[in-house]
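Here is how the chains run, residue by residue.
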Amino acid sequence: MSGSSDAPEVEPGAASVEPGRSVHLLSEMLRVRRFEERCVELYSHQAIRGFLHLAIGEEACCVGVMQALDPEDAVVATYREHGHALARGISMRAALAELEGRVEGCSRGRGGSMHLFDAATRFFGGNAIVAGGLPLAVGLALADHLSGRHRVTACFFGDGAVAEGEFHEAMNLAALWHLPVLFCCENNLYAMGTALEFTESETDLSLKAASYRMASWHVDGMDVLAVSEAAREAADAVRAGGGPHFLEMRTYRFRSHSMYDPDRYRDKAEIDRWRSRDPIDQLRVQLVARGVLTDADVERMESAIADEVLDAVDFAAGGTDEPVADLGRFVTSTPGGAT
Amino acid sequence: MSTITYREALREAIREALIADERVFVMGEDVGHYGGSYAVTLGLLEEFGPERIRDTPLSESGFVGAGIGAALGGMRPIVEVMTVNFSLLALDQIMNNAASLLYMSGGQFNVPLVIRMATGAGRQVAAQHSHSLEGWYAHIPGLRVLAPATLDDARAMLAPALDDPDPVLIFEHAMLYGTEGELTDDAHTRDITSAAIRRRGEDVTIVAYGGTLRVALGAAEVLAREGVDAEVVDLRSLRPLDTSTILTAVSRTHRAVVVDEGWRSGSLSAEVASRITEGVFYDLDAPVARVCGAEVPMPYAKHLEDAAMPQVADVVAAVHALGA
Ligand SMILES: Cc1ncc(C[n+]2csc(CCOP(=O)(O)OP(=O)(O)O)c2C)c(N)n1
Ligand SMILES: [Mg+2]
């Protein structure tokens, strides 16, 4: 990680992370990966419909940051949020049931893939308006500030969001009012089919934050240990009253933007280059080489995750449809407020 | 004769405009390298280059506003906004600038701009990608609002829209892009002011537009099998409304059903129903009926989304309830 502006420099490395935590990080990334791989299958069988955005390749970001949060912290995510939801503690069952439109889903089947919500884990969505979540995060942090609570609101968004006015308005508010927001930018170099160099006059995104006098850091988003160390340090600083922090994670999505995307705009060699830095493979190889894990341990981990995925698939398949009579429920908090 | 899809018809119209007038250019998110989020602009970057097929950053207010400025500066921009829900980020520019500049400036500054966007539900993309907000835009004086529901109109409406000295919004229902068929002579009409009679009938007038035209025509088929002869009016232009075509039809059939995917309260359907009541009240044999989208943010689950959208059976039932 390199810090810009007034962020402290730390040199994270595999050695500084306890083995137990590294194993947990590997297992969490694998859960996200295997879950999403199954989603692809379920999409081809039309059990999942609509837009499906996968974070395959980007697992180190959501998993690494989530480790730094406490249960009472808040999370605001985007439409590419399966991994964030799982890593935050939403069950695979509730997430997959949501993706299949079941009432047992974490949003009762109303939201689908892009709108996972969960009050229990303070997971405030799944927002499908690019940059739409940033002002919400500022407000959540404002509420904590006004209530004297020492909590962090982690807000995830992509490189594309940085071009939106809402990004800049939210950054300024958070910095101006010194609010406890951890801005987590997952820079995967593309906003749909438009590469960063076509959308930003300044492609070093951490400089944007610096221009708001916000502590800003960037980190290798393919290295979960680096992400988790940086996120921990940043979250601790935010919690301690250090004001908002900006963490840019440089990452890459291995698959297309959504299931509709023919991926005409990226070059195969570029994708292969990034695939060779797969965050899961990297950590697994490292842990086996260090003797923290054996191949048999990895197999056991895989098989436990496969069971968890299978269980979620069965759960979602056996789920129920919300009655059509409930269509107007929750438009307002009082029944009958709809029209 | 070869067939064409709705998206290809739109693309042909855009190509023709780019070739015909060097002031025309296209700008919006993913119109270039990606090929258009609904593939309408696919191939145009290769043909016309990045100056005229401009990929924009995600900044709806910025690039729509820039489109307004470019129009003021003498260009003829075609601005694509991916989906009507995202146009809300640009609503300020559309309403406070595009729609108002001519009037505010005492007639000095007109805005010859075309903004295209997708609208509507049916693809299970839930509550932030599925709404039918064209009725809101039809509320705004200073705008012309079009809803091509047919292949011909997809092909025809752009050229006269670009010729309009004032801002024109074109709403393309997301479920229409893949529809396929043949163009007719109407594909070259310059008419963007009239409603069209899509089916002649004597017993009831069904008024629809955009994505609900198919629903209205489907209902008319079902009704025809029952011996009820429905006239179907396609609004085509949502602002200004072609009131006289609507009133002529209703005064002949004496019954009317307005179909609108938008929410009922304060809606375009309410406007059409009011005009019918104001204009031909004494010709009516029954109150004007409406079939609208359920007043909910759109749910993801298929069965709920279907329940939230006007369906053929709903229109048939509404016609039955009028005693037709
Ligand atoms: C306001 C708004 N404009 C456009 C879109 C369509 N859209 C959805 S995702 C996306 C790309 C966003 O890219 P980025 O922020 O980098 O996130 P990534 O998808 O790469 O994770 C676009 C253009 C949207 N959802 N919201
Ligand atoms: Mg991106």
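Preceding this section is the structure that the text describes.
These lines cover the structure that appears in this document, whether it is placed above or below. (Residues numbered from 1 in each chain as written. Chains lettered and ligands numbered in written order. Predicted model: local features only at pLDDT ≥ 70, side-chain atom pairs only at ≥ 80, totals over all residues. Heavy atoms only, no water.)

## With respect to the overall build of chain A
Here's step 1: Helices and strands together make up the secondary structure of chain A, namely eleven helices and nine strands.
Here's step 2: Principal axes of the C-alpha set define a box for chain A whose edges measure 55 × 55 × 40 Å.
Here's step 3: Counting over 339 residues, chain A shows a buried share of 59%.
Here's step 4: Here the analysis covers contacts within chain A between residues at least 6 apart in sequence; of these, 75% occur between residues at least 24 apart.
Here's step 5: Counting every atom, chain A has about 13,200 Å² of accessible surface; 52% of that belongs to carbon and sulfur.
Here's step 6: For chain A, the centre of its 32 positive side-chain charges and the centre of its 52 negative side-chain charges are spaced 2 Å apart. (Helix = DSSP H or I, 4+ residues; strand = E, 2+ residues; numbered from the N terminus. Buried < 20%, exposed > 50% of the residue type's maximum accessible area, 1.4 Å probe, protein only. Contact = heavy atoms within 4.5 Å. Areas by Shrake-Rupley, 256 points an atom, 1.4 Å probe, with all protein chains shown as cover. Lys, Arg positive; Asp, Glu negative; His and termini not counted. Charge placed at Lys NZ, Arg CZ, Asp CG, Glu CD.)

## Some thoughts on the site of ligand 1
Here's step 1: Around ligand 1, a shell composed of 22 residues is seen, among which Tyr 79, Arg 80, Ala 128 and Gly 160 of chain A together with Glu 60 of chain B lie nearest.
Here's step 2: Two or more chains meet at ligand 1, and those chains are chains A and B.
Here's step 3: Between Arg 80 of chain A and ligand 1, the recorded distance is 2.7 Å, taken from a side-chain N or O atom to an oxygen atom.
Here's step 4: At 3.2 Å from an oxygen atom of ligand 1 is found a main-chain nitrogen or oxygen belonging to Ala 161 of chain A.
Here's step 5: When ligand 1 sits alone it has 580 Å² of accessible area, and the protein chains cover 96% of it.
Here's step 6: Residue composition of the shell around ligand 1, grouped by class: twelve nonpolar, five polar and five charged. (Near = heavy atom within 4 Å. Polar contact = N/O pair within 3.5 Å; in protein donor to acceptor, adjacent residues only side chain to side chain. Nonpolar A, V, L, I, M, F, W, Y, C, P; charged D, E, K, R; others polar.)

## Remarks on the interface of chain B and chain A
A common measure of how large an interface is: the accessible area buried when the components associate.
Here's step 1: Counting residues at the interface gives 33 residues for chain B, matched by 42 residues for chain A.
Here's step 2: The interface formed by chain B and chain A contains zero salt bridges.
Here's step 3: For the interface between chain B and chain A, the tally reads eleven residue pairs in polar contact (both at pLDDT 80 or more).
Here's step 4: Of the residues forming the side of chain B that touches chain A, the biggest block, four residues, is contributed by helix α13 (residues 302-308) of chain B.
Here's step 5: When its residues are assigned to classes, the side of chain B that touches chain A shows 20 nonpolar, seven polar and six charged. (Salt bridge = Lys/Arg side-chain N within 4 Å of Asp/Glu carboxyl O.)

## Overview of the coordination of the magnesium ion (ligand 2)
Residue and element names in this part refer to chain A.
Here's step 1: Within the protein, the magnesium ion (ligand 2) binds to Asp 159 (OD), Asn 188 (OD1) and Tyr 190 (O); these donor distances fall in the range 2.0 to 2.1 Å.
Here's step 2: Taken in chain order, the donor set of the magnesium ion (ligand 2) reads D-x28-N-x1-Y. Taken together, the residues Asp 159 in the loop between β4 (153-158) and α6 (165-176) and Asn 188 in the loop between β5 (181-187) and β6 (190-191) connect sequence positions 29 residues apart.
Here's step 3: Asp 159 sits in the buried class, given a relative accessible area of 1%.
Here's step 4: We classify Asn 188 as buried; its relative accessible area is 5%. (Donors = N, O, S within 2.8 Å, 3.2 Å for Na, K, Ca; no water.)

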